[in-house]
Amino acid sequence: MGRFALAAIAILLMSATPVHADVISDWNQNTIEVLTAANVLGNPWSRAMAMVHVAMSDAVNSVQPRYTRYVATAPVAPNVSPEAAAVSAARHILIQVAPAQKSKIDEMYADSLSRIADGSAKTDGIALGEQVAALIRSDRATDLTNAPDTYRPITAPGVWVPTQPPLFPQYAQAKPWGMKTADQFRPGPPPQLTSAVYARDYNETKELGGTKSTKRSPQQTDAVRFWTQLNFGPSWNEAARQLSARKGLNVAENARVFALLNMGIANTFITDWDAKFHYNFWRPVTAIRNGDMDGNDATERDAGWTPLNATPMHPEYPSQAAIQAGAALGVLESVFGPGPVPAFMATDTGDPRLQRQFTSLAQMAEEQRLVRVWGGIHFRNTLEVSEQMGQKIAAHLLGTCMTPVR
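What you are looking at is a predicted structure, and each value in this text was computed from that prediction instead of being measured.

Asks: Mind showing me how you'd approach the packing of aromatic side chains here?
Replies: Any two aromatic rings considered together are summarised by their centre-to-centre distance and by the angle between their planes. Using the criterion set out here, one finds 12 aromatic pairs in the structure. A ring pair is formed by Trp-227 and Phe-232, whose centres lie 5.8 Å apart and whose planes are at 25 degrees; its orientation type is stacked. Given a relative accessible area of 0%, Trp-227 falls into the buried group. Take Phe-232: its relative accessible area is 0%, and that puts it in the buried class. Above the plane of the ring of Tyr-109 lies Arg-91, whose end atom (NZ or CZ) is 4.9 Å from the centre.

This is the structure:
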C-alpha cells in the first residue's frame, strides 16, 4: 500500500537506478506542465494528452516504422530526425489546445530542438511533425467533445433537482480512440437496490467513507486526500516515465506506450460518461440519506451522513477512477510486467512534497480504486465492474492500435 514520503527519498530512489530520458518522456512532462498552467482538467485534459502522444507516436513511426500509425498515411520518411518530428508534432497540438501558453510551449520547443543536430534531417523532421499534427487535429475535429451541453436536469414536476450542471455530459456521445463506439464496453446495470450486493456495498461505504468514520484508518484517509482527480492521469504518466527510463525503452517503444496509455485514459472518460448517463445511478450521499426508501431492510438510513470526498457532479456508476486504473494497468503491465517493479513514486500535482510510493503497478491501481469507497463517493461493486471495463479497453487498444509492423 502506498504511503506519504519526503521528496528527498524519491530523489534517492531515482538515483539508485540509472535512468534514461528521451524526447517522448520530456514532452510527456512538458504537456502536463502546459495543461496545468492552462487549467485544462478532467475530460479535456485526457483528450489533449491523447492527441499529443498519438501525434508523437505517428510522427516517430513515420520515420521508424516499428508500430502501426493511428492516422498518418504519408510514405515513410526514413532520412529525417524522429526526435524533431515528435517534438514538432507535440508543439503544434499543444498550441491548438492551449493557445494562451504559446510562449511557454515555444520555450520548451526551442530547448528540445537545441539538442538535435542541425541539418536537413532536423528541418524535414520539423515539417513532418507539423503534417502529422494536422492529421490528428483533423481526426479529432468532429469528435463531439465540444458539442453544446444540452443536459436536462429534471425529475418530476415540482421536485427539486441539483441545479449545478454535471461536468462535460457531452463526452457521453464523444468519439473514442481506437474503438467503434462509446458503448462498446458498456457494462450491465448496477445491482438492484433490494439485493444483498447493494446492501453490502451501501454499508461498507457508509461505514468507511463518511466524514465522521471511526473505521477508516489514518493511512486510508491520507490516501483519499492524495488521490484527487487532479492526480489520477498525471500519476500514471509519471509512473510510465520512471519505469520507461529504467527499462531503457527506445524512442519508438516509448512513443507507443505513452500513446496507448493516454488513449486508454481518454477512452475512460468517454466510455464512463456513456454508461453513467445511461444508468444515472445515485451517489452514496443520496442513497444513504434516503436509505429508508430503497426497499432494502439491510440499509439503515443516516439522515446526516456526508462523504469525506466532495461528491462529483455526475452519476455514480461506473467509476472513472477505477476504469482509468484498469486501463492504465493493462497498458503498462503489457510493457513492464505484472509483478514487482523498481519502486516508483506518484507525486501530488499541487504539492510535490506529497508522494505515494509503490512497488508494483497493481498496487497503485488498487489504491486508486479503493480510495473512492474510503472517500464515500462510490460503491465496491462499481469499482470491480469499472476495473474490468478498463482492462477491456486496454486489451482492445493493445490488439488494434500501434501494433508491431511485420
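Asks: Is there a simple way to think about the pattern of salt bridges in this case?
Replies: Pairing between side chains becomes possible if they bear opposite charge and their charged atoms approach one another. The full count for this structure, using the stated rule, is 17 salt bridges. With a shortest N-O distance of 3.1 Å, Arg-115 and Asp-111 are connected by a salt bridge. For Arg-115, a relative accessible area of 62% puts it in the exposed group. When its relative accessible area of 38% is taken as the criterion, Asp-111 is described as partly exposed. In this structure, Asp-201 and Arg-200 form a salt bridge, with 2.7 Å as the shortest nitrogen-oxygen distance. Using a relative accessible area of 2% as the deciding quantity, one classes Asp-201 as buried.

Asks: Can you walk me through empty space enclosed by the protein in this structure?
Replies: Empty pockets left among the atoms are what a rolling probe the size of a water molecule brings to light. On inspection of all chains with the given rule, the structure shows 2 cavities of 30 Å³ or more. As for the largest cavity, its lining consists of Pro-190, Pro-191, Val-197, Tyr-198, Asp-201, Phe-281, Glu-316, Phe-379, Asn-381 and Thr-382. Mapped onto the lining of the largest cavity, the elements with two or more residues apiece are helix H7 (196–208) and helix H14 (380–400). For the lining of the largest cavity, the element with the most residues is H7, which contributes 3 residues. For the lining of the largest cavity, the residue count by class is 6 nonpolar, 2 polar and 2 charged. One number sums up the size of the second largest cavity: a volume of about 40 Å³. Along its surface, the second largest cavity is lined by Ser-46, Arg-47, Arg-140, Asp-143, Thr-145, Tyr-171, Trp-177, Ala-266 and Ile-270. Residue assignment for the lining of the second largest cavity shows that the elements contributing at least two residues are helix H3 (42–61) and helix H10 (251–279). In terms of residue class, the lining of the second largest cavity is made up of 4 nonpolar, 2 polar and 3 charged.

Asks: Which parts of the structure should I look at to understand the packing of H3 against H10?
Replies: Helix-helix packing is described using two parameters, namely the angle between the two axes and the distance between the axes. Direction vectors running N to C along H3 and H10 enclose 150 degrees, while the axes themselves pass 8 Å from each other. Classified by the angle between their axes, H3 and H10 sit roughly antiparallel to one another. The two elements H3 and H10 meet at a crossing, and its hand is left-handed. Taken together, the residues of H10 that come into contact with H3 (itself represented by Gly-42, Asn-43, Trp-45, Ser-46, Arg-47, Met-49, Ala-50, His-53, Val-54, Met-56, Ser-57 and Val-60) are Val-251, Ala-252, Ala-255, Arg-256, Phe-258, Ala-259, Asn-262, Met-263, Ile-265, Ala-266, Phe-269 and Trp-273. Split by residue class, the contact of H3 with H10 holds 16 nonpolar, 6 polar and 2 charged.

Definitions and cut-offs
- Residues numbered from 1 in each chain as written.
- Predicted model: local features only at pLDDT ≥ 70, side-chain atom pairs only at ≥ 80, totals over all residues.
- Heavy atoms only, no water.
- Phe/Tyr/Trp six-rings, centres within 6.5 Å; stacked < 30°, edge-to-face > 60°.
- Buried < 20%, exposed > 50% of the residue type's maximum accessible area, 1.4 Å probe, protein only.
- Lys NZ or Arg CZ within 6 Å of the ring centre and 35° of its normal.
- Salt bridge = Lys/Arg side-chain N within 4 Å of Asp/Glu carboxyl O.
- 1 Å grid on protein atoms, 1.4 Å probe; cavity = no way out; pocket = protein on both sides within 12 Å on 5 of 7 lines; lining within 4 Å.
- Points joined across faces, edges and corners; volume = space filled by probe spheres on them.
- Helix = DSSP H or I, 4+ residues; strand = E, 2+ residues; numbered from the N terminus.
- Nonpolar A, V, L, I, M, F, W, Y, C, P; charged D, E, K, R; others polar.
- Axes fitted to C-alpha atoms, helices over the stretch in contact; angles between N-to-C directions.
- Parallel < 35°, antiparallel > 145°, perpendicular 65-115°, else oblique.
- Left-handed = near helix turned anticlockwise from the far one by under 90°.
- Contact = heavy atoms within 4.5 Å.

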